[in-house]
Amino acid sequence: MSIQPATLLIVDDDSVTRLLLSKVLSSAGYPILSASNGREGLSLYMQQRPQLVLMDVTMPVMDGYAATRAIRQFETEHSVPILMLTALDDVESIDRAFEAGATDFITKPIHWHLLTQRIKYALRAAQIEEALWQRQTALDFVQTLAKLGYWEWDVLNDRITGSDATFVLFDVPFDSELNLEGFLSRVKFEDKPMIHRLLSELSKGQSQLQGSCRVTVHDGSTRYIEFLGQAEFDHQGALRKISGSVQDLSRLHQAESLIAYQNHHDALTGLPNRNHALETLSRHLQQNSQSLCAVLVLDIDRFKQLNHHHGQSYGDRLLQALAQRLKHLLREGDYVARLSSDEFCLVIRNLQALDELTSLLKRLQTHLQQPFILEQQEHFLSFSIGISLAPQDGTQAEALINQAHLAREHAKQQGGNQTWYFSTQMNQGNSQNLILENALRTALKKAQMEVYYQPQVDAQTLKPCGAEALIRWHHPELGQIPPSLFIPLAETIGLIGDLGQQVMQHAVEQANRWYLAGFPLRIGINLSGRQFNQNNLMQDLQMVLANTELPAKLVDLEITESLAMSDPSRTKQQLKSLKALGASISIDDFGTGYSSLAYLQSFPIDTLKIDRSFVINLQTSAGQTIVSTIIAMAHALGLEVIAEGIETQAQQDFLQAKGCHIFQGYKFGKPMPAEAFFAWLTEREAPNVTSPQRIAQ
Amino acid sequence: MSNATSNATSDAMSNLSSIDTNNLALLHEILGDDLQEILHAFLATMPELIGQIELSIQIQDADGVQLHAHTLKGSSANIGASKLPILCAALEESAKQGVINENIVALLPPLKVESEQLKTELSQFLQSF
């Protein structure tokens, strides 16, 4: 128990009640923080981490429910007690308080003699819960380190329960309905009779269980597991329950032969692996040092997303099919291996001339463009291919594979679905990056970056309704540097946090100025992958919002579809926390990635942004069909639609007829600096002076 | 409460004192002389809030009436006022309909009368310090 008294945060918009609470509770010895609305309260919470929160319900800027939800989203690892101040007879608000995550409620008018007691109790309960949680976390951690799990088999109901580690070790997903047979489904066939024999010995009265078995893991590897158990019997002597532990002993079992086997063999596709490829290529290069030889490294574009959508086993079957196809394609004497997950390496030996390679590449492309058929469905894939050549690029196996890999990376960076030959500039790419990197650091320090704003208009009235914030970098010597160049660089060198923060701050402050001038515009802010995955994103946004009067719903955070789908469960979690602050969420570049509708529906999003490429294609009937489908789908999901890249009247007419909600594009305005934007704005609309003042009270 | 007319509400309360003295005495016990500061703060904000309510009624802003009546209800109840919170609750309930109706307009005069009464009683109490 801590000796220091707990700090309490009081959030109430009524100054008299706030003062009363502060006085009463500080006279009881608690240090007090106080805030006059939910937004202020949330900021104080994030900065000071008080041990208990007293929260009023009705407040003008962010009410008590929203602030409570936001604190719960922010503080996922501790459960700080939040006591809600509600009117005695208001059952509905008491219910809503619990739904929002309040620990308890205190009725108004406050019973002053009971208040300190209630707080003392709530703090003690929280301390006990915290201690319990810490012990549980420590225990989980130790068990994870030791690769140790516990399990329990309820014999009567044939149900297996246990720690997460147990299910990971046995490679079965946890399911409350799991029975013994399901639990053992990954155990090697040969080992099952032994387990059943041990169990039947238990039912004959033996109380201890000890044994080991092998589990075939989904990646094809074998896991060695030792298990211990203790049986419990009922009064009649019948077996009731077994509980025990399991431990992963694979490392002890890595016998010489196993190592040799795994060293050269890829269990999934049956192809040689990276080690084998290196040895084979080395040998070949030594024996044929002057002959022309090509090394191709190839991988599937967006394989990770495909795996996410269709599941691991789909990905596995796809790789097997691809391996088969590659094997068939090659001439005698050529060689194919699987280097890593979806990366394959082809070695084309003894080429007479380069055009021989060109025709082989053509053949390769034609064959790989054919659909892969899995579960009676056609799947079209695209590939990124990198090529290095011996002897001109090098004569060392490892270097050649690395060069081909670098070229493959390059092909991927250019958008995938293409083939690149290795060139020495790819190595030099690093030094060019260095120049750009230094320039970028300076630019950030000197705030050379500028935020431009592209207008968005209401599709029906064509009146301004929002803007997308777009970063522009004008370097004094290098000129205009496109975001597509410096954003990925900022991500790799860890500057994206600062950069994103700067843009967010500029954009929100700008939107706030417009808002206070009577233009409640929604500001769209793009989040990059790294930025979106940062843990303190929620806090960053809150800190920026806290210094403004801008309603949070006027901040629209945009993430691309492919980013949203790259880790859907994490996306959902992160979006929920941003949503808890009240922000709006858009899916950007919609239609260009692979979306799972089920996931899309589960994300707390407000808007889909149709990618400009679809709008450009509206002159074709196929393009029209795609856009109509996206809009219809958005309507069905209750989402708002923004179309980007509108340039012509025809595009506008079509999108208007289909019920698109918001337009963005050169037809309405280019991205422009804040001052120009304001001029554009005032030309089109008079400020609405009543609305901000009303909310800003 | 929303259907109660202002007359019925104020008639039923006419025999009550404006302050629950037990509650106030308890606060005095807990806070000692600090209570003075709080009561002064209340006496300063009460007219402001009533002014806001009156203004909101004038400009037909039911949301404003609801918000300010709610605030006054809470702060007056917390310092031990007994009648004012009930009048505020009636106002708040009526305003939830979203329009300024005659119920709301009729509640304003008794609210002002009661606030004057409360002010007198609190001032007397303050002299006991």
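For the structure, check the block above.
The structure contained in this document is the topic of the report that follows. Here the structure is a predicted model, which means the values were calculated and not measured.

Each helix and strand counted, chain A has 27 helices and 26 strands in total. Here chain A holds 697 residues, and the buried ones make up 47% of them. Taking contacts inside chain A between residues at least 6 apart in sequence as the whole, the part at least 24 apart equals 64%. Total accessible area computed for chain A in this model is approximately 33900 Å², and 51% of it derives from carbon and sulfur atoms.

Right, let's talk about helix 3 (residues 64–74) of chain A for a bit. Residue and element names in this part refer to chain A. Burial analysis of helix 3 places nine of its 11 residues in the buried class, the great majority of the element. Where helix 3 is buried, its residues contact helix 2 (38–48), strand 3 (52–56), strand 4 (82–87), helix 4 (91–100), helix 19 (537–546) and helix 21 (568–580). The N-capping residue of helix 3, defined by a side-chain oxygen 3.2 Å from the backbone nitrogen of Y65, is D63.

All names here are of chain A. Tracing the backbone shows D556 in strand 22 (residues 555–560). Put simply, D556 is tucked away with no salt bridge, and the nearest opposite charge, on R522, sits 4.2 Å away. Aside from chain neighbours lying at most four places away, what touches D556 is R522, I523, G524, I525, S584, I585 and S586.

Residues and elements named next belong to chain A. The buried count for strand 23 (residues 584–590) comes to six of seven residues, which makes it a mostly enclosed element. The pairing of strand 23 with strand 24 (residues 607–610) spans three bridges and is parallel. Residue pairing in the sheet places I587 in a bridge with L608 of strand 24.

Okay, the interface of chain B and chain A next. At the interface, 24 residues of chain B touch 19 residues of chain A. Buried area between chain B and chain A, summed over both chains or domains, comes out near 1900 Å², and the portion from carbon and sulfur atoms is 64%. Counting across the interface, chain B meets chain A through two salt bridges. For K23(A), the salt bridge goes to E37(B), with nearest N and O atoms at 2.9 Å. The interface formed by chain B and chain A holds six residue pairs in polar contact (both at pLDDT 80 or more) in total. Those elements that provide at least two residues to the side of chain B that touches chain A are helix 2 (21–31), helix 3 (34–58) and helix 4 (62–78) of chain B.

Counting 107 residues, the largest nonpolar core has Y453(A), I523(A) and L655(A) as the members making the most contacts within it. Of all hydrophobic cores here, the second largest spans 55 residues; its members include L21(A), L54(A), L24(B) and L27(B).

Attention shifts here to the environment of V457(A). Among the secondary structure elements, V457(A) is positioned in strand 18 (residues 449–458). Between the alpha carbons of V457(A) and G665(A) there is a distance of 9.4 Å; along the sequence they are 208 residues apart.

All names here are of chain A. Per the counting criterion, the structure on display carries 27 salt bridges over all chains. For D56, the salt bridge is made with K108, and the minimal N-O distance between the two is 3.2 Å. Here the residue D56 occupies a position in strand 3, and K108 occupies one in strand 5 (residues 104–108), the gap between them amounting to 52 residues. Each member of the pair, D56 as well as K108, carries the same accessibility label: buried. Between E640 and R522 there is a salt bridge; the shortest N-O distance is 2.7 Å. Taken together, the residues span a long stretch of sequence, with E640 in strand 25 (residues 640–643) and R522 in strand 21 (residues 522–526) at a distance of 118 residues. You can call E640 partly exposed: its relative accessible area is 22%.

Residues and elements named next belong to chain A. Applying the stated criterion across every chain yields a total of 11 aromatic pairs over all chains. Pairing F663 with F668 gives two aromatic rings, centres 5.7 Å apart and planes at 20°, and the pair type is stacked. Relative accessible area serves as the criterion here: at 0%, F663 is assigned to the buried category. Taking the centre distance of 5.4 Å and the plane angle of 40° together, the rings of F677 and W680 count as tilted. On the criterion of helical spacing, the pair formed by F677 and W680 is a turn pair, its members being three residues apart in helix 26 (residues 674–684). Judged by relative accessible area, F677 falls into the buried class, the value being 0%. Connected via pairs of aromatic rings, a cluster forms that spans Y453, W514, F677 and W680. Sitting over the ring of F372, R325 keeps its end group 3.8 Å from the ring centre.

This part takes up the sheet that holds strand 6 (residues 148–154) of chain A. Residue and element names in this part refer to chain A. Taken together, five strands build an open sheet; the order of strands is 7-6-10-9-8 and the sheet is antiparallel. The sheet is open, and its two borders are formed by strand 7 (159–162) and strand 8 (208–216), each paired with just one other strand. Taking the axes of each pair of neighbouring strands and ignoring which way they run, one obtains an average angle of 25° across the sheet. Here strand 6 runs beside strand 10 (residues 239–248); their pairing, made up of seven bridges, is antiparallel. The partner of Y150 across the bridge, within strand 10, is S245.

Thresholds applied
Residues numbered from 1 in each chain as written. Chains lettered and ligands numbered in written order. Predicted model: local features only at pLDDT ≥ 70, side-chain atom pairs only at ≥ 80, totals over all residues. Heavy atoms only, no water. Helix = DSSP H or I, 4+ residues; strand = E, 2+ residues; numbered from the N terminus. Buried < 20%, exposed > 50% of the residue type's maximum accessible area, 1.4 Å probe, protein only. Contact = heavy atoms within 4.5 Å. Areas by Shrake-Rupley, 256 points an atom, 1.4 Å probe, with all protein chains shown as cover. Polar contact = N/O pair within 3.5 Å; in protein donor to acceptor, adjacent residues only side chain to side chain. Lys, Arg positive; Asp, Glu negative; His and termini not counted. Salt bridge = Lys/Arg side-chain N within 4 Å of Asp/Glu carboxyl O. Pairing = 2+ DSSP bridges. Buried area = accessible area lost by both parts, 1.4 Å probe. Core = buried A, V, L, I, M, F, W, Y, C linked by side-chain atoms within 4.5 Å. Phe/Tyr/Trp six-rings, centres within 6.5 Å; stacked < 30°, edge-to-face > 60°. Lys NZ or Arg CZ within 6 Å of the ring centre and 35° of its normal. Axes fitted to C-alpha atoms, helices over the stretch in contact; angles between N-to-C directions.

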